[in-house]
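# Notes for the structure review
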Amino acid sequence: MSTNVLVLSAGTRNKIIQYFKMALTDKSGKRIGNVIATDMSELAPSVYEADKFYKVPRMTADGYIDVILDICKKEKVTGVCSLIDPELSLLAEHNREFKDIGVTVIGSAYEICESCLDKWKMFCWLEEHHYNCAKTYIDKELFYKDLNEGKIQFPVFVKPVKGSASIAISKVHSREMLDALFSNTDSQLMIQEYLSGQEIGVDCYIDMLSKEVVSIFCKNKIVMRAGETDKAVSFKDDRLFQLVTQFVREFGFCGQIDIDIFEVDGKYYISEVNPRFGGGYPHAYECGVNHMELIVNNLNGIVNKPNIGRYAEGIYMMKYNEVMIKNGEQI
Ligand SMILES: Nc1ncnc2c1ncn2[C@@H]1O[C@H](COP(=O)(O)OP(=O)(O)O)[C@@H](O)[C@H]1O
Ligand SMILES: [Mg+2]
């Protein structure tokens, strides 16, 4: 029986599709399953890498999930994942319906996806469970009270509670600037202690069968662009592996996740989690950290053994642009 993987909202993530296709190819070069991609646009380049493409409505449209369930039935899909944050909760919410037709949702449970979308919820959890994290306020008056009492200082970092892709983030130096930001927005903002240190990205895989952390890849971010890591270098640290393992276990993640961490004065601060393949995952893959293979194993009922830190340090990743050309008949 073949193992077919459905990747939703594939967008510009061509490499993710290519890597899944490779994981679904046996040693003799024979394909052992298909990769099916969806997107709401036929101009999403990654869908042309897939074995099959379905153009679907926007994920917020009525009946969207039924369209996805139909594709799963038609294509005999084994596992489904999404590459965009809001869709992770949607998949988790309908986990039962997927299960009923034999499809595994590659991702974390609903409450977990929701807690990752809401940076205030994440902060409350981290604080309650005694993990180092940036002190955070959603109440501006409470922040001013602490500021007057010397418990926090400018600069601070302001970002939307439900933000993504580094949209509407600011380093704030004064009350005037803070007040202006709060009065000029419709979205809920939060004020965070400014973390001045090395930014780190962690790609982690939690076995979907054993629920154990089986793979961790750490990179120091060198340059960020449009909310994504543009240049980075791999490193290893047992202390960080232990922290990530404990955090992931306690939070209860499942499948692929991407964690943002800061290192400030030798201490690791957990910042945020995207419970999906992050934009920087190709760095891990190209260093031999193949999470697509782990997913395919899980979909075939095989439990992966922990294999943490089996990659080289000092490997650099530099992103660059590519283009795809198609004539109108191919679209
Ligand atoms: N407390 C902070 N101090 C300094 N920089 C921060 C802080 N929080 C976030 N940043 C910077 O802003 C970027 C975006 O913030 P993040 O919380 O990761 O939101 P998202 O990626 O969902 O937009 C981070 O990658 C980091 O560069
Ligand atoms: Mg982030």
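Reference entry: report on the structure contained in this document. (Residues numbered from 1 in each chain as written. Chains lettered and ligands numbered in written order. Predicted model: local features only at pLDDT ≥ 70, side-chain atom pairs only at ≥ 80, totals over all residues. Heavy atoms only, no water.)

## Points about the sheet that holds strand β15 (residues 316-318)
- The 6 strands lie next to each other as β14-β13-β10-β11-β12-β15, forming an open sheet whose pairing is antiparallel. Each edge of the open sheet is held by one strand with a lone partner, namely β14 (267-274) and β15. Going from strand to strand, the sheet's axes swing by 30 degrees on average, the running direction of each strand aside.
- Against the sheet, helix α9 (residues 238-251) contacts β10 (198-206), β11 (213-225), β12 (228-235), β13 (255-264) and β14, and its axis sits at roughly 110 degrees relative to β11. (Pairing = 2+ DSSP bridges. Helix = DSSP H or I, 4+ residues; strand = E, 2+ residues; numbered from the N terminus. Axes fitted to C-alpha atoms, helices over the stretch in contact; angles between N-to-C directions. Contact = heavy atoms within 4.5 Å.)

## Section: the pattern of salt bridges
- This structure, assessed with the given rule, holds 16 salt bridges.
- A salt bridge links lysine 140 to aspartate 179; the shortest N-O distance between them is 2.8 Å. Here lysine 140 is found in helix α7 (residues 140-148), whereas its partner aspartate 179 is found in helix α8 (residues 175-183), with 39 residues between them in sequence.
- Overall, the relative accessible area of 31% leaves aspartate 179 in the partly exposed class.
- Through salt bridges with shared partners, a single network forms among Lys145, Asp146, Glu149 and Lys151. (Salt bridge = Lys/Arg side-chain N within 4 Å of Asp/Glu carboxyl O. Buried < 20%, exposed > 50% of the residue type's maximum accessible area, 1.4 Å probe, protein only.)

## Section: the sheet that holds strand β1 (residues 5-8)
- One open sheet holds the 5 strands; their spatial order is β3-β2-β1-β4-β5, and the pairing between them is parallel. Edge positions in the sheet fall to β3 (52-55) and β5 (104-105), since each has one partner strand and no second.
- In terms of strand pairing, strand β2 (residues 35-39) meets β3 through 4 bridges, oriented parallel. Along β3, the bridge assignment pairs threonine 38 with tyrosine 54.
- The strands touched by helix α1 (residues 14-23) within the sheet are β1, β2 and β4 (79-82), with β2 carrying the most contacts at an inclination of about 160 degrees.
- Sitting on the sheet, helix α2 (residues 64-74) touches β1, β2 and β3, and the angle it makes with β1 is about 155 degrees.

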